[in-house]
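Letter by letter, the chains look like this.
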Amino acid sequence: MQDAQDRLLGEFTYVSNELDELYRVAAKRLGLSPSAYEILVVLRTMDGCTQKELCDECSLSKQTVNSAVHGMERAGLVRVESSGHRATQVWLTEEGRSLVAGRLDEMYEAERQAFRSLSVEERLAFVSLTKRFSEELKVRFAALEQRPGER
């Protein structure tokens with residue numbers, strides 16, 4: 001029984017890594033880092049959001065978001081404005097909007113088509129079970145960090 005569970009977990013890990021690689025390659029084709037790609041996906045629907053919101057929406061650290069945003073700013077894809085209270089808002093430039101409206105929208109449509117290839121029940125189960133696994137893993141990893149005498 002344990003071997004079967006380990007094999008399934010190994011398959012899940014493989015598929016998860018394969019998905020990560022698909023997105024990494026897609027980002028690279030656009031000349032972006034994976035984190036910059038994720039940020040553009042968020043800005044596609046939340047243009048003008050704060051860097052904190054980007055951290056939350058992309059599940060990325062402050063340092064990663066800051067670095068990616070500055071790189072995208074240098075590339076002319078976004079502009080950054082201080083909105084007071086130490087909050088910084090990120091806006092797409094015309095060049096950023098053009099990239100989003102072109103290639104990023106094409107990739108989003110490919111994602112939608114792949115998702116729609118699943119039945120409604122499969123989609124609901126996929127999202128529900130992936131969320132549950134993620135939440136369980138967060139709890140267990142956090143418990144590992146709490147162990148006395150370890151960092």
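Just above, that's the structure.
Below or above, wherever it landed, is the structure these notes cover. Within every chain, residues take consecutive numbers counted from 1 along the sequence as written. Per-residue local features are limited, in this predicted model, to residues with pLDDT of at least 70; the limit for side-chain atom pairs, both in listing and counting, is 80 or more; totals at the level of whole chains, interfaces and linings are taken over all residues. With hydrogens and water excluded, all non-hydrogen atoms of the structure serve as input to the side-chain values.

**Observations concerning the overall build of the chain**
Every helix listed is a DSSP run of H or I at least four residues long, and every strand listed is a run of E at least two residues long, numbered separately from the N terminus. When helices and strands are tallied, the chain shows six helices and two strands. In sequence order, the secondary structure elements of the chain are arranged as α-α-α-α-β-β-α-α. Projected onto its principal axes, the C-alpha coordinates of the chain cover approximately 55 × 45 × 25 Å. Across the chain, the fraction of contacts at a sequence separation of at least 24, relative to all contacts at a separation of at least 6, is 43%. Under the counting rule used here, the positive set is Lys and Arg, the negative set is Asp and Glu, and His together with the chain ends is not counted. Charge positions come from single atoms, namely NZ of Lys, CZ of Arg, CG of Asp or CD of Glu. Within the chain, the 25 negative side-chain charges are centred at a point lying 3 Å from the centre of the 21 positive side-chain charges. Should any heavy atoms of two residues lie within 4.5 Å, those residues are considered in contact.

**Digging into helix H1 (residues 2-29)**
In this scheme, a helix's expected span is set at 1.5 Å multiplied by one less than its residue total. Helix length check: H1 (28 residues) gives 40 Å between terminal C-alpha atoms against 40 Å at 1.5 Å per residue, within 8%. Looking one or two places after H1, you find glycine 31, whose phi comes out positive at around 75°.

**What to know about the pairing of strand S2 (residues 88-92)**
One face of the sheet, then the other: side chains in a regular strand alternate in exactly this way. Strand pairing is defined by DSSP finding a minimum of two bridges between the two strands. Here strand S1 (residues 78-82) pairs with S2 via five bridges, running antiparallel. Along S2, the bridge assignment pairs valine 80 with valine 90. Hairpin connection of S1 to S2: five residues between the antiparallel strands, including glycine 84 at a positive phi of 80°.

**With respect to the environment of phenylalanine 115**
Following the sequence through the fold, phenylalanine 115 ends up in helix H5 (residues 94-116). Residues phenylalanine 115 and threonine 93, 22 residues apart in the sequence, show an inter-C-alpha distance of 30 Å. Those residues within four positions of phenylalanine 115 in sequence are excluded, and the remaining contacts are Arg123, Phe126 and Val127.

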